Amino acid sequence: MTAVERYLRLGLQLGRHVDGVVDAYFGPPELAAAVEAEPPLEPATLVADAQALLDELEDGWLRDQVVGVRTYGGVLAGESRSYADEVEGCYGVRPTHTDEAVFAAAHERLEELLPGEGALAERHERWEQASLVPAERIEGLIAAVIEEARDWTRRLVELPDGEGISLEIVHDKPWWASCDYLGDLRSRVAVNVDLPMTAVELLILALHETYPGHHTERSCKEHVLVRGRGLLEETLVLSPTPQSLVTEGIGKVAPDLLLESEGGAVLADLMRDAGIELDLAHALAVHRTLEPCRWAEVNAALMLHDGGANEAEVRAYLERWGLMTPEWTEHMIRFMTAPGSRTYVVTYPAGGELARSYVAGDPQRLRRLLTEQVRVGELLP
């Protein structure tokens, strides 16, 4: 059995223990069928098998992935390690506490963007409430945004013939949206409408999940890396691995590139034509100003898992520094305590920071992230 086949089996076995760990698999069906026919491997056996594979692999993308598998398998096996150690083992970046002065500075800049009466959190919530998209309008608007974004993305990267997505609306999920890659260049995008969504959030979410974000990455990599170069390791997408940090980095930087181009004006007009008022330049300024506050979510996870804080303390912290509503803090706590996503909160700000620094507004660099195997270490300063 090749090293790649051993990796695929390890990842699929890992997914039998925790739902959501396998984000996608479209590799050899007989391999998946063989794993499914076997009893689930004990976590200690998974750890031993992953370690044996690590000992044989040379430095490279695949070895980075197996380190993530080995780390997460160790968590399942009851190995004692800090939350920060777990995150570093899974994604290749180490989370550290962000000084609250960073958030305070962002709040000061936000004061200028959101003038008026009351505390900043109240003004921010009022601003969001004024641009909320009615839940019953979300599906139609996202579908329209996707079509426009697809046309823009074709000018950035060659989309393979036959690619496409299906869109569905869901409820009662610990996440806001997901892009489930099905293979054969197709994705299923699900949007959780239980959570409120502003007009600019709808745009960013749609682009993050579809074009030029997650679906674009997966379909291009299937076309270029799997079909073109025979890299079967790319047929498995595992959540607790460096692959996900790069993916979420793409998902953060891709909407920025589109919305700050002429394509942003087209999408803003589309929203206005649908009766949804949107000052895109101002909304993006607010969004960018708040971006450093996403690190408050990482601080909250460190507090919860390593710092001994209780959920009430974490809730208060997120509301103060992340300017989150109680509804959103409940969602975040659910996300960062679920077994399949407890470390994943780090991938958004860390991946976004690394990808933005790397891309630096250059579409060709985004194109590379969408079509090549890029290691986290290549993005680190």
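Nothing here was measured: the structure is a model prediction, and the numbers come from that model.

**Side note on the pattern of salt bridges**
Within the structure shown, the criterion is met by 31 salt bridges. A salt bridge links Arg 218 to Glu 217, with the shortest nitrogen-to-oxygen separation between them at 3.6 Å. Relative accessible area serves as the criterion here: at 6%, Arg 218 is assigned to the buried category. Under the relative-accessibility criterion, Glu 217 is labelled buried at 1%. Each of Glu 217, Arg 218, Lys 221 and Glu 234 takes part in salt bridges that share partners, so that together they form one network.

**Comments concerning the side chain of Gln 243**
Relative to the helices and strands, Gln 243 resides in helix H11 (residues 242–259). Residues within four places of Gln 243 in sequence aside, it is in contact with Tyr 7, Trp 61, Gln 65, Arg 218, Glu 234, Leu 236, Val 237 and Leu 238.

**Thoughts on the packing of helix H8 (residues 135–154) against helix H9 (residues 199–209)**
Packing of H8 against H9 leaves a shortest axis separation of 9 Å and a crossing angle of 55 degrees. Looking at the two axes, H8 sits oblique to H9. Along this stretch, H8 crosses H9, giving a crossing that reads as right-handed. Across the interface between the two elements, Ile 138, Leu 141, Ile 142, Val 145 and Ala 149 of H8 pack against Leu 202, Leu 203, Leu 205, Ala 206 and Leu 207 of H9. For the contact of H8 with H9, a count of residues per class yields ten nonpolar, no polar and no charged.

**A word on the environment of Tyr 25**
Relative to the elements of secondary structure, Tyr 25 occurs in strand S1 (residues 22–25). Residues Tyr 25 and Leu 12 lie 13 residues apart in sequence; the distance between their C-alpha atoms is 8.3 Å. If we skip the residues at most four places from it in the chain, Tyr 25 touches Leu 8, Leu 12, Leu 31, Ala 32, Thr 235 and Leu 236. A distance of 2.9 Å separates a polar atom in the side chain of Tyr 25 from the backbone oxygen of Pro 28.

**Digging into the sheet that holds strand S3 (residues 177–183)**
Strands in a sheet are paired, the pairing made by backbone hydrogen bonds, and the direction either parallel or antiparallel. Sheet architecture is open: three strands sit in the order S2-S4-S3, paired in mixed fashion. In this open sheet, the two strands that pair with only one neighbour each are strand S2 (164–170) and S3. Neighbour to neighbour, the strand axes of the sheet diverge by 20 degrees on average, direction disregarded. Two strands pair when backbone bridges link them, and S3 and strand S4 (residues 186–192) are joined in this way by six bridges, in the antiparallel orientation. Within S4, the position partnered with Ala 177 by the bridge is Val 191. Along the sheet, H8 makes contact with S2 and S4, crossing S2 at roughly 160 degrees.

**Things to note about helix H7 (residues 120–130)**
Those residues of H7 that fall on the buried side of the exposure criterion are Leu 120, Arg 123, His 124 and Glu 128. Viewed end-on, H7 has its buried residues packed into an arc of 135 degrees, placing them on one side of the element. Contact partners of the buried residues in H7: helix H6 (100–113), H9 and helix H13 (280–290).

About the cut-offs
- Residues numbered from 1 in each chain as written.
- Predicted model: local features only at pLDDT ≥ 70, side-chain atom pairs only at ≥ 80, totals over all residues.
- Heavy atoms only, no water.
- Salt bridge = Lys/Arg side-chain N within 4 Å of Asp/Glu carboxyl O.
- Buried < 20%, exposed > 50% of the residue type's maximum accessible area, 1.4 Å probe, protein only.
- Helix = DSSP H or I, 4+ residues; strand = E, 2+ residues; numbered from the N terminus.
- Contact = heavy atoms within 4.5 Å.
- Axes fitted to C-alpha atoms, helices over the stretch in contact; angles between N-to-C directions.
- Parallel < 35°, antiparallel > 145°, perpendicular 65-115°, else oblique.
- Left-handed = near helix turned anticlockwise from the far one by under 90°.
- Nonpolar A, V, L, I, M, F, W, Y, C, P; charged D, E, K, R; others polar.
- Polar contact = N/O pair within 3.5 Å; in protein donor to acceptor, adjacent residues only side chain to side chain.
- Pairing = 2+ DSSP bridges.
- Arc of directions from axis to C-beta.

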